[in-house]
Amino acid sequence: MSLSFGRSYLAIPGPSVMPDAVLRAMHRASPNIYEGELHDVTASIVPDLKAVARTAGHVAIYIGNGHAAWEAALANVCAPDDLVLVCATGRFGHGWGEMARALGLAVEVMDFGQTDPIDADKLEQRLRDDTDGRIKAVLVCHVDTSTGVKSDVPKLRTALDSAGHDALLMVDCIASLGCDDFAMDEWGVDVMVAACQKGLMTPAGVSFVWFNDRADARQPARVSGYWNWRPRASPAQFYQYFAGTAPTHHLYGLRVALDMIKDEGLDQVHARHAVLARALWAACDVWATQGPLCLNVADPAHRSHAVTSVRIAEGQGDALRRWCEHTAGLTLGIGLGRQPESAYFRVGHMGHINAQMMMGVVGTLQAGLIATGTPHGAGALDAAAAVMAAG
Ligand SMILES: *Cc1c(COP(=O)(O)O)cnc(C)c1O
């Protein structure tokens, strides 16, 4: 029997749940793009985007998804045949590398597997070996969404500094921004990319590249007029923010989403994500005491607070996802890039979510494990509830 009628819940790692206030802000007639409110709203978004990234640097806004931000970032600091070093902890790291290769860059990939963070010592050694300074940039995902692995970005900065290497440190925070703690300037990140449909709670379609002066100084002689981050970050005229028509309604939605983050407080936003993630992990730890279920990342310090990857048995991940979606109205993430994909599922817990929603996820997973005949330890809801109660 289907019990899914009612409000459905998309608990995948992006797009995330959209707040009603964001949707309401977007529900309006097209604004005047030549003058007036839209210009003010756009200008007001810029400092708040910098605040979320914790940077005093620059930000360029693009009409596009995360892949657009990947390309934009590379186009502004690399020329064909430049070498970039990708440190991969899952599918998205490889994806950024493939984007670089398609742009004509030379790409070297250090693959750190799918369950562990980037090893800063290995990165440092590779940079020390690059005696003629061929590597122009180091590309990393703060959180790789396919695995839920979170890497220690300050440690990576230290690796670059200890090796005395001047490659740019470029970080993909598409999954983590507004969920896991991140501090661009303090952590010594030169370029950071994100998109609006995950922690920033806005429908997919706008992405961002933050950059510092050091990165800007690396701009190659030729950069496409569309990707060039300079006019976007320092527009002399309004249309230059977007190299054309503004993403009008997204800007109204994003304005409200950034207000919500400001009202809650960024530290509190991070703390909320941490508790909700820990509640899910506590449930998983109990389920794992019997049967096949297992958290993908063993050490909680290396897990993201935005997304959790879980392995069960082959076929069981798919069966569980199907049951949760069709019978209970809860959509979970697929085992993207995993072998076998059908053994995995992911829970996105980014953005506009609270304790009752996470308890709903945990309770629905409990029902799904029973319904699909997956052996599991008893007491997971109590364990999750205890984490919530402790706060
Ligand atoms: C979602 C995501 C992307 C891709 O973003 P799109 O908007 O789907 O292009 C890239 N990197 C990470 C870490 C992501 O989470």
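Residues numbered from 1 in each chain as written. Predicted model: local features only at pLDDT ≥ 70, side-chain atom pairs only at ≥ 80, totals over all residues. Heavy atoms only, no water.

Asker: Honestly, the environment of His-142 in this entry has me stumped. Any pointers?
Answerer: As for its position among the elements, His-142 is in the loop between β5 (135-141) and β6 (143-144). Between the C-alpha atoms of His-142 and Gly-14, which are 128 residues apart in sequence, the distance is 16 Å. Not counting chain neighbours up to four residues away, the residues in contact with His-142 comprise Val-149, Lys-150, Ser-151, Val-153, Val-171, Asp-172, Cys-173, Ser-176, Asp-180, Asp-181, Phe-182 and Trp-187. At a separation of 2.8 Å, a polar atom in the side chain of His-142 contacts the side chain of Ser-176. (Helix = DSSP H or I, 4+ residues; strand = E, 2+ residues; numbered from the N terminus. Contact = heavy atoms within 4.5 Å. Polar contact = N/O pair within 3.5 Å; in protein donor to acceptor, adjacent residues only side chain to side chain.)

Asker: Where do I start with the nonpolar core in this structure?
Answerer: Soluble globular proteins tend to pack their nonpolar side chains together in the buried interior. Of all hydrophobic cores here, the largest spans 59 residues; its most connected members are Val-138, Met-192, Phe-208 and Trp-210. For Phe-208, the contacting residues outside a window of four places in its chain are Leu-49, Val-59, Ala-60, Ile-61, Ala-69, Met-192, Val-193, Ala-194, Ala-195, Cys-196, Leu-200 and Leu-254. Grouped together as the second largest cluster of nonpolar side chains are 35 residues, Ala-11, Leu-295, Cys-324 and Leu-332 included. (Core = buried A, V, L, I, M, F, W, Y, C linked by side-chain atoms within 4.5 Å. Buried < 20%, exposed > 50% of the residue type's maximum accessible area, 1.4 Å probe, protein only.)

Asker: I tried to follow the packing of helix α3 (residues 66-75) against helix α4 (residues 91-102) on my own but got confused; where do I start?
Answerer: Packed helices, taken two at a time, are described by the angle between their axes plus the distance between the axes. Remark: α3 packs on α4, axes separated minimally by 10 Å, with the N-to-C direction vectors making an angle of 50 degrees. Accordingly, the angle class assigned to the pair α3 and α4 is oblique. For the crossing formed where α3 meets α4, the hand is right-handed. For the pair formed by α3 and α4, the contact residues are His-67, Trp-70, Glu-71, Ala-73 and Leu-74 on the first element and Phe-92, Gly-95, Trp-96, Met-99 and Ala-100 on the second. Counted by class, the contact of α3 with α4 contains 7 nonpolar, 2 polar and 1 charged residues. (Axes fitted to C-alpha atoms, helices over the stretch in contact; angles between N-to-C directions. Parallel < 35°, antiparallel > 145°, perpendicular 65-115°, else oblique. Left-handed = near helix turned anticlockwise from the far one by under 90°. Nonpolar A, V, L, I, M, F, W, Y, C, P; charged D, E, K, R; others polar.)

Asker: Would you mind showing me how to read the packing of helix α12 (residues 355-371) against helix α13 (residues 380-390) here?
Answerer: Where α12 meets α13, the closest approach of the two axes is 10 Å, and the angle between their N-to-C directions is 170 degrees. By the criterion of interaxial angle, the relationship of α12 to α13 is roughly antiparallel. Seen along the crossing, α12 lies across α13 with a hand that is right-handed. Counting all contacts with α12, which are made through Ala-355, Met-358, Met-359, Val-362, Gly-363 and Gln-366, the residues of α13 involved are Ala-380, Leu-381, Ala-384, Ala-385 and Met-388.

Asker: What am I meant to see in the site of the ligand here?
Answerer: Within the structure, the ligand sits among Asn-65, Gly-66, His-67, Trp-70, Phe-92, Val-143, Thr-145, Asp-172, Ile-174, Ala-175, Gln-197 and Lys-198. In the model, an oxygen atom of the ligand is placed 2.5 Å from a nitrogen or oxygen of the His-67 side chain. A distance of 2.3 Å separates an oxygen atom of the ligand from a polar side-chain atom of Thr-145. Protein coverage of the free-state accessible area of the ligand, which is 380 Å², stands at 90%. With 3 residues, α3 is the single largest residue contributor to the shell around the ligand. For the shell around the ligand, a count of residues per class yields 5 nonpolar, 5 polar and 2 charged. (Near = heavy atom within 4 Å. Areas by Shrake-Rupley, 256 points an atom, 1.4 Å probe, with all protein chains shown as cover.)

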